[in-house]
Amino acid sequence: MAEFGALSSFLVAAVGLAVPLALAALGETVSERAGVINIGLEGSVIWGALGGALGALALGPYGGLAAGALAGGMAALVFAAFAVWLNTDQIITGTAVTIGSLGFTGAVFQSRFGATGLALELPTVPAWEVPLLAQIPVIGPAFFDQAVTAYLAYLLVPVLGWFLFRTRRGLSLRAVGESPEAANSAGVPVVRTRMLAVVFAGLTAGLAGAHLSLVHTGTFAENMSAGKGFIAIAVVVLGRWNPKGVVAAALFFGGAEALQFALQAVDADLPYPLFLALPYVLSLAALAGWFGRSRAPEGLGSAWPRG
Amino acid sequence: MSTRSHALTPALTAATALLATLAVAAALLALGGYPPGDAFAALFRGAFGTWDRFVSFTLVRATPLLLTGLAVALAFKARVWNIGAEGQLHAGALAAVAVAVALPGAPGLLVIPAALLAAAAAGALWASGPAAMKTGMGVGEVITTLLMNFVALFMAQFLVQGPLRESRGVFNQTDEIPPAAHLPDLIPGTRLHLGFLVGLLIAVALWLYLTRTPGGFRLRAVGASPRAAEVSGRFRAQPVVWLAFLASGAVAGLAGGVQVAGVTHRMYEGLSPGWGYTAIAVALLARLNPLAVVVTAIVFGALSAGGGAMQRDAGVPEVWVRGIEALVILAVLTVDRSWQALAGRGSRG
């Protein structure tokens, strides 16, 4: 099994890094299918990380996960109040929510824990080993010996696929994303649908943030979201607004990041930033149609009522 | 967003938004247990307290925001949602350093224009991909320009760790550019460099272009309604979109070139603390008016310069400044919407 050792530890790292991306991107898929692009997703991730940390100190690690999801949902609610309810520009509003979230999470963190630079130690969420499946060589430990957040991400894939493409509400939601006018004429409540979709994305992005503080690191640091929310938006593009594609794309981004650590260990001179750039380049290629048709929802980013 | 002009003057909108921001920020500071008056006073002293604080800190920090703010304002005016100023700035900084380092013996009169032109060209080049995808394939520029930011960051990381790494090989940064390539001081005895003047000149030139020339009229027409511009049959929208994209990228690239030639004198990872994103707030608060961008860039430069003093003198962590920036954007959006609601829902812009 020794020859599998390196591959196996690479896969463990790749899946671990992919989980927060998958969670945030699966939520954002729903939001974008409803026609709302939330650049403020990064804000939900960092609030999720801080909410997770504070929640875990008060209620233990699982309470922390719930608090993180809730904090991410609150940040998304702020975004939705402006971008959907007040009908302000989605991009500018999202930028504001991201900037403000990075600032105010830092402010809350410093007022609670000081700016001493002493690392905060948090209770972490343990991994759950799935009986039998975890015994599969190589992929078993990578996919089936993870924290509960990973299993939630796996579960979301079929659930969201079913919801978006097999239910009436999913159809209505996609209609809102393709043409808010047509959906409105058909009696679909556009504003309410979009608000709910955005808040859902905030909850999963918050959970992604809590994963960063309570599973991945066991601590909180300012700006620890490090662009994960932005990356999730790229993941949605590469995954072509489809839950199955999105989770595969998240694995690909996670793999590229894990490869960086693996390569650094082998040979420090390898140009690993180029590996990190690769998923973004491929996302652009996907948008340019290199891998067949890839189209954003028609009404993505559009105001409602139309401006 | 609306590009329609209101009876409410832009200055009044901006002032209302700033007042609202101050009120909300004061409430939040009080909630966080800090006396808001002390915090604002310290911030103000840090930004405007002495001539040197104002010139060497506020104006120096306003310079990259001025240029990226102009870049964003120009693009948004044509309804080109360029979120990629951050990446274009990095491309520009890299190009300027590469050119300056490659011309070690050249006189300043040659190397400075060469470096700045290279920066502008690199910024335009970085914007050309998303521009081609928008005009040729109808792919929205919000996502593509955002993705290009990350490609630029990693490219910069790769270059400063590898091909452009300093010759002594200690830090992940480039060699210092030759002294001839340093931008001269604008005001002797201060740290303010020529880049600020470059920004001012571009602001005036852009304003003249937008308000006084047929090209500027076409750009504003496309921004007001791309379809109407096409249907009018007078001109095609696509070349206008290309122009706006490339010019916006060039000005953002110039911001990077000016920063390395005027302040840091070398390129390293994390050159920009997110100027390309703050620029969106700068441009928006200025209502996309190039002359007003000068004022709003100084406002945000002051926030950045005063943040340190606020932390030192009033004990308010500097990160609050980022929160205040966000409040400014949300306040502008809200004031804008409220005005439109007051003006009547039927004519909603």
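Our subject is the structure that appears above.
Residues numbered from 1 in each chain as written. Chains lettered and ligands numbered in written order. Predicted model: local features only at pLDDT ≥ 70, side-chain atom pairs only at ≥ 80, totals over all residues. Heavy atoms only, no water.

### Let's talk about the nonpolar core
Formed by 195 residues in total, the largest nonpolar core has its most connected members in Phe220(A), Tyr280(A), Phe76(B) and Met267(B). In terms of residue count, the dominant contributor to this core is helix 3 (residues 51-77) of chain B (14 residues). Core analysis: the next-biggest nonpolar cluster, separate from the first, contains nine residues, Ala76(A), Phe79(A), Ala83(A) and Met195(A) among them. (Core = buried A, V, L, I, M, F, W, Y, C linked by side-chain atoms within 4.5 Å. Buried < 20%, exposed > 50% of the residue type's maximum accessible area, 1.4 Å probe, protein only. Helix = DSSP H or I, 4+ residues; strand = E, 2+ residues; numbered from the N terminus.)

### A word on the environment of Phe57(B)
All names here are of chain B. Position of phenylalanine 57 relative to the elements: it lies in helix 3. The exposure class of phenylalanine 57 is buried, given its relative accessible area of 17%. Between the C-alpha atoms of phenylalanine 57 and threonine 13, which are 44 residues apart in sequence, the distance is 27 Å.

### Re the interface of chain A and chain B
Taken together, the contacts link 42 residues of chain A with 41 residues of chain B. Our enumeration of links across chain A and chain B arrives at zero salt bridges. Taken together, chain A and chain B are joined by two residue pairs in polar contact (both at pLDDT 80 or more). Residue assignment for the side of chain A that touches chain B shows that the elements contributing at least two residues are helix 3 (90-113), helix 9 (228-238) and helix 11 (272-287) of chain A. Among the elements that take part in the side of chain A that touches chain B, helix 3 of chain A stands out by supplying 13 residues, more than any other. For the side of chain A that touches chain B, the residue count by class is 28 nonpolar, 12 polar and two charged. (Contact = heavy atoms within 4.5 Å. Salt bridge = Lys/Arg side-chain N within 4 Å of Asp/Glu carboxyl O. Polar contact = N/O pair within 3.5 Å; in protein donor to acceptor, adjacent residues only side chain to side chain. Nonpolar A, V, L, I, M, F, W, Y, C, P; charged D, E, K, R; others polar.)

### Quick look at the side chain of Gln173(B)
Within the secondary structure layout, Gln173(B) lies in the loop between helix 6 (141-161) and helix 7 (194-212). Not counting chain neighbours up to four residues away, the residues in contact with Gln173(B) comprise Val160(B), Leu164(B), Arg165(B), Glu166(B), Arg168(B), Arg266(B), Met267(B) and Tyr268(B).

### Notes on the pattern of salt bridges
Any two side chains of opposite charge can pair, so long as their charged atoms come close to each other. All names here are of chain B. Under the defined criterion, the tally for this structure stands at nine salt bridges over all chains. Where arginine 45 meets aspartate 313, a salt bridge forms, and the shortest distance between an N and an O atom there is 4.0 Å. Here arginine 45 is found in helix 2 (residues 36-48), whereas its partner aspartate 313 is found in helix 12 (residues 290-314), with 268 residues between them in sequence. One salt bridge in this structure joins arginine 322 and glutamate 325, with 3.7 Å as the shortest N-O distance. Of the two residues, arginine 322 and glutamate 325 both sit in helix 13 (residues 320-342), three residues apart, roughly one turn of that helix. Taken together, the shared-partner salt bridges in this structure form one network comprising Glu166, Arg168, Glu176 and Arg266.

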